[in-house]
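Each chain, written out:
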Amino acid sequence: IGRCTQLQKLMLSGNRLRDIPDEISMCTNLELVRLAANQLQHPPMKLLQLPNLAWIAFSGNPFLLSDRDNTESTLSQTKNDRSTETLSMTKSSSANKLLVIDDDNLDDPNNGELLGKGASGVTRKFIITNPNKFISSSSSPSYSQSLLKEHHTHVAVKEYASEMTSDGSPEEERRVSMEASLLHCDALVPIIGQTKKGSLVMQLLSNYHALANPPSMKSCSRDVYDHNAVHKLHIPLAKHILLNLVNVLTKLHGIGICHGDFYGHNILVHYGTSQEEDDFDDVKLTDFGAAFFYPKDSDYGSFIEQIEIRAFGHLVEEISALLKKKSCELGSQNQYSTVLTTFANRLMNLVNMCLAHNFHDNPITFSNVSTSLKSIIDITN
């Protein structure tokens with residue numbers, strides 16, 4: 001494999017690989033790797049140190065499973081920052097069982113409206129016919145019950161394509177999604193529960209749109225942006241998107257969760273009607289299909305975080321490019337065009353920080369990235 005020096009994507013989930021050859025270090029152009037549900041006994045250190053690697057999936061491998069107790073210990077250390085209600089849900093993995101919504105309607109694809117498709121499954125809009133029945137009869141955590149009361153009729157349901165996907169297993173996605181939702185980040189979609197067949201039931205998002213389209217055969221590992229993204233993006237919205245997303249990633253990696261698929265096409269935006277800073281509604285990071293738990297204090301924990309920092313860097317670079325394109329369309333005589341270009345150029349300083357190849361000599365964290373982003377925004381305000 002060391003001769004595949006131009007390799008950018010490596011899709012090997014669901015095999016029986018026990019190790020990755022050291023020759024992988026020659027694949028310096030590799031950006032995306034899917035190795036979930038294999039038999040890797042030890043972390044593939046040569047792979048994790050590749051200079052351009054930005055998107056990874058490792059769930060279901062023995063080297064991670066053996067360290068899961070350490071991760072649970074890390075999770076328990078964050079309890080003091082959570083409410084008493086949330087604490088009862090994080091004492092052990094068994095306490096994180098999702099509310100099972102006993103409604104056969106939710107498992108019938110013919111009754112749902114298609115919302116989106118991905119590698120791990122299909123998401124549809126459903127109506128729960130009698131939510132009070134599930135609230136009164138369930139012994140599930142009150143967190144899920146309150147969500148079901150608040151959004152009691154319309155929900156989004158993710159049905160998984162099979163027991164194994166190119167990103168990982170549905171069970172790991174459900175587990176990570178529930179743990180992530182307990183962080184109560186504004187930029188995460190609240191999880192309500194699961195259907196009898198195991199589909200994930202989430203709060204329905206209305207009038208949200210993907211920031212980007214998935215990679216094409218031509219772009220390979222990079223998202224594709226249409227002109228609509230250029231037209232709708234402006235500086236206050238760019239600030240809001242980046243600040244909220246770096247906050248999510250900081251919290252996720254703070255408890256040892258790697259998203260693994262941090263792309264614009266997995267980011268949903270509710271666009272406002274003007275460029276006023278308080279006139280857009282929301283941004284959400286979605287799709288935990290490739291996500292996995294990892295031990296932060298391990299000898300490879302920092303490499304995992306550095307990899308996802310690169311993914312964030314690519315998103316910042318793409319947003320900078322969109323702002324520059326909008327500036328060009330406005331023309332050099334337009335005053336706002338100059339403001340757009342200046343902010344976009346400042347973002348490139350953050351891009352250089354995130355995509356630096358000397359991470360091993362000077363490791364950084366998402367906390368460092370967040371601090372740098374806030375400094376850029378403070379200068380711009």
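Use the structure listed above.
Every chain is numbered on its own, with residues counted from 1 as its sequence reads. Where totals are concerned, whole chains, interfaces and linings use all residues; where local detail is concerned, this predicted model gives features only for residues with pLDDT of at least 70, and gives and counts side-chain atom pairs only at 80 or more. Each side-chain value is worked out from all heavy atoms of the structure, with water and hydrogens disregarded.

## Observations regarding unusual backbone geometry
Even without being glycine, Ala 37 reaches a positive phi, approximately 55 degrees. For Asp 287, which is not a glycine, the phi torsion comes out positive at approximately 60 degrees. Along the chain, the position of Asp 287 falls in the loop between strand S13 (282-285) and strand S14 (292-293). The helix count covers DSSP runs of H or I at least four residues long, the strand count covers runs of E at least two residues long, and both are numbered beginning at the N terminus.

## Observations regarding the layout of surface pockets
Of the pockets and cavities examined, the largest pocket occupies roughly 1,200 Å³. Contributing to the lining of the largest pocket are 50 residues, with Lys 117, His 265, Asn 266, Thr 286 and Asp 287 lying nearest its centre. Elements with a contribution of two residues or more to the lining of the largest pocket: strand S1 (9-11), strand S2 (32-34), strand S5 (113-118), strand S6 (121-127), strand S7 (154-160), helix H7 (170-181), strand S9 (200-203) and strand S10 (209-210). At 5 residues, S5 tops the list of elements feeding residues into the lining of the largest pocket. Looking at the lining of the largest pocket residue by residue, the classes come out as 24 nonpolar, 16 polar and 10 charged. Cavities and pockets were defined on a 1 Å grid built over protein atoms only: a cavity is a set of grid points that admits a 1.4 Å probe from which the probe cannot escape, a pocket is an open set flanked by protein on both sides within 12 Å along at least five of seven lines, and lining residues are those with an atom within 4 Å of any such point. Grid points are joined across faces, edges and corners, and a volume is the space filled by probe spheres set on the points. Of the pockets and cavities examined, the second largest pocket occupies roughly 190 Å³. Glu 159, Tyr 160, Lys 197, Gly 198 and Ser 199 are, among the 17 residues lining the second largest pocket, the residues nearest its centre. Listed by contribution, the elements that provide at least two residues to the lining of the second largest pocket are S6, S7 and H7. By the convention adopted, Pro, Cys, Tyr, Trp, Phe, Met, Ile, Leu, Val and Ala count as nonpolar, Lys, Arg, Asp and Glu as charged, and the other residues, Gly among them, as polar.

## Points about H7
Helices are assigned an expected span. That span is 1.5 Å times one less than the residue count. In this model H7 runs 16 Å from its N-terminal to its C-terminal C-alpha over 12 residues, within 8% of the 16 Å that 1.5 Å per residue would give. For every residue, the accessible area (1.4 Å probe, protein chains only) is compared with the maximum for its type, and the residue is labelled buried under 20%, exposed over 50%, or partly exposed between those bounds. Burial analysis of H7 places 11 of its 12 residues in the buried class, which makes it a mostly covered element. Of the positions making up H7, those classed as buried are Pro 170, Glu 172, Glu 173, Arg 174, Arg 175, Val 176, Ser 177, Met 178, Glu 179, Ala 180 and Ser 181.

## Focus: the sheet that holds strand S3 (residues 55-57)
At least two bridges found by DSSP between two strands are what make those strands a pair. Read from one edge to the other, the open sheet built from 3 strands follows the order S1-S2-S3, with strand pairing classed as parallel. Whereas interior strands pair on both sides, the edge strands pair on one side only; in this sheet they are S1 and S3. Averaged over all pairs of adjacent strands, the angle between their axes in this sheet comes to 5 degrees, without regard to strand direction. Axis angles are defined between N-to-C directions and span 0 to 180 degrees, where every axis is a line fitted to C-alpha atoms and, for a helix, only to the segment in contact.

## A look at the pattern of salt bridges
In the sections that follow, a salt bridge refers to a side-chain nitrogen of Lys or Arg positioned within 4 Å of a carboxyl oxygen of Asp or Glu. Following the criterion strictly, the structure yields 11 salt bridges and no others. In this structure, Glu 31 and Arg 222 form a salt bridge, with 2.8 Å as the shortest nitrogen-oxygen distance. Placement of the pair is Glu 31 in the loop between S1 and S2 and Arg 222 in the loop between S10 and helix H8 (227-232), with a sequence separation of 191 residues. For Arg 222, a relative accessible area of 26% translates into the label partly exposed. It is possible to trace a salt-bridge network through shared partners that takes in Arg 34, Asp 167 and Asp 261.

## Considerations on the packing of aromatic side chains
Only Phe, Tyr and Trp rings take part, Trp by its six-membered ring, and two of them pair if their centres are within 6.5 Å. Stacked means planes under 30 degrees apart, edge-to-face means over 60, and tilted covers everything else. Taken as a whole and judged by the stated rule, the model has 7 aromatic pairs. Taking 5.9 Å as the distance between ring centres and 70 degrees as the angle between the ring planes, the aromatic pair formed by Phe 58 and Phe 292 counts as edge-to-face. In this pair, Phe 58 sits in the loop between S3 and helix H2 (62-65) while Phe 292 sits in strand S14, placing the two residues 234 residues apart along the sequence. When sorted by exposure, Phe 58 lands in the same class as Phe 292, which is buried. The interplanar angle of 40 degrees and the centroid separation of 6.0 Å between the aromatic rings of Phe 262 and Phe 312 together place this pair among those described as tilted. Pair noted here: Phe 262 is in the loop between strand S11 (257-258) and strand S12 (267-270) and Phe 312 is in helix H10 (residues 301-330), with a separation of 50 residues, a long-range link. Using a relative accessible area of 1% as the deciding quantity, one classes Phe 262 as buried. Note on Phe 312: relative accessible area 0%, which makes it buried. An aromatic cluster is present here, built from Phe 58, Phe 63, Phe 292, Tyr 294 and Tyr 300 joined pairwise through their rings.

## Thoughts on the packing of helix H9 (residues 235-254) against helix H11 (residues 335-354)
To characterise two packed helices, one gives the angle between the axes of the helices and the distance between these axes. Interhelical geometry of H9 versus H11 gives an angle of 20 degrees and a closest axis separation of 11 Å. In terms of orientation, H9 lies roughly parallel with respect to H11. Facing Ile 235, Pro 236, Ala 238, Lys 239 and Leu 242 of H9, the residues of H11 in contact are Tyr 336, Val 339, Leu 340, Phe 343 and Leu 347. What sets the label is the angle itself: under 35 degrees gives roughly parallel, over 145 gives roughly antiparallel, 65 to 115 gives roughly perpendicular, and the rest give oblique. Only heavy atoms matter for contacts: two residues are in contact if any of them lie within 4.5 Å across the pair.

## Some details on the side chain of Arg 124
The topology assignment puts Arg 124 in strand S6. Between N or O atoms, a polar contact is any pair within 3.5 Å; within protein, one atom must be a potential hydrogen donor and the other a potential acceptor, and residues adjacent in sequence are included only when both atoms are from side chains. Within the local environment of Arg 124, its side chain forms a polar contact with the side chain of Glu 159, the two groups lying 2.6 Å apart. Non-local contacts of Arg 124, meaning those with residues more than four positions away in its chain, are made with Pro 109, Gly 112, Glu 113, Leu 114, Leu 115, Val 155, Ala 156, Val 157 and Glu 159.

## Quick notes on empty space enclosed by the protein
Tallied over the entire structure, the rule returns 2 cavities of 30 Å³ or more. What the largest cavity holds in volume is close to 40 Å³. Per-element accounting of the lining of the largest cavity gives the leading share, 4 residues, to H10. Of the residues assigned to the lining of the largest cavity, the class counts are 5 nonpolar, 2 polar and 2 charged.

## Concerning the packing of H9 against helix H12 (residues 366-380)
As a packed pair, H9 and H12 sit with axes 9 Å apart at the nearest point and diverge in direction by 160 degrees. One element, H9, and the other, H12, form an angle in the roughly antiparallel class. In this structure, the crossing between H9 and H12 has a hand that is left-handed. Residue-level contacts link Lys 239, Leu 242, Leu 243, Val 246, Leu 249, Thr 250 and His 253 of H9 to Phe 366, Ser 367, Val 369, Ser 370, Leu 373, Lys 374, Ile 377 and Thr 380 of H12. Here the residues of the contact of H9 with H12 are counted per class, giving 8 nonpolar, 5 polar and 2 charged. Two helices that cross are described as forming a left-handed crossing if the nearer one is turned anticlockwise from the farther one by less than a right angle, and a right-handed crossing if clockwise.

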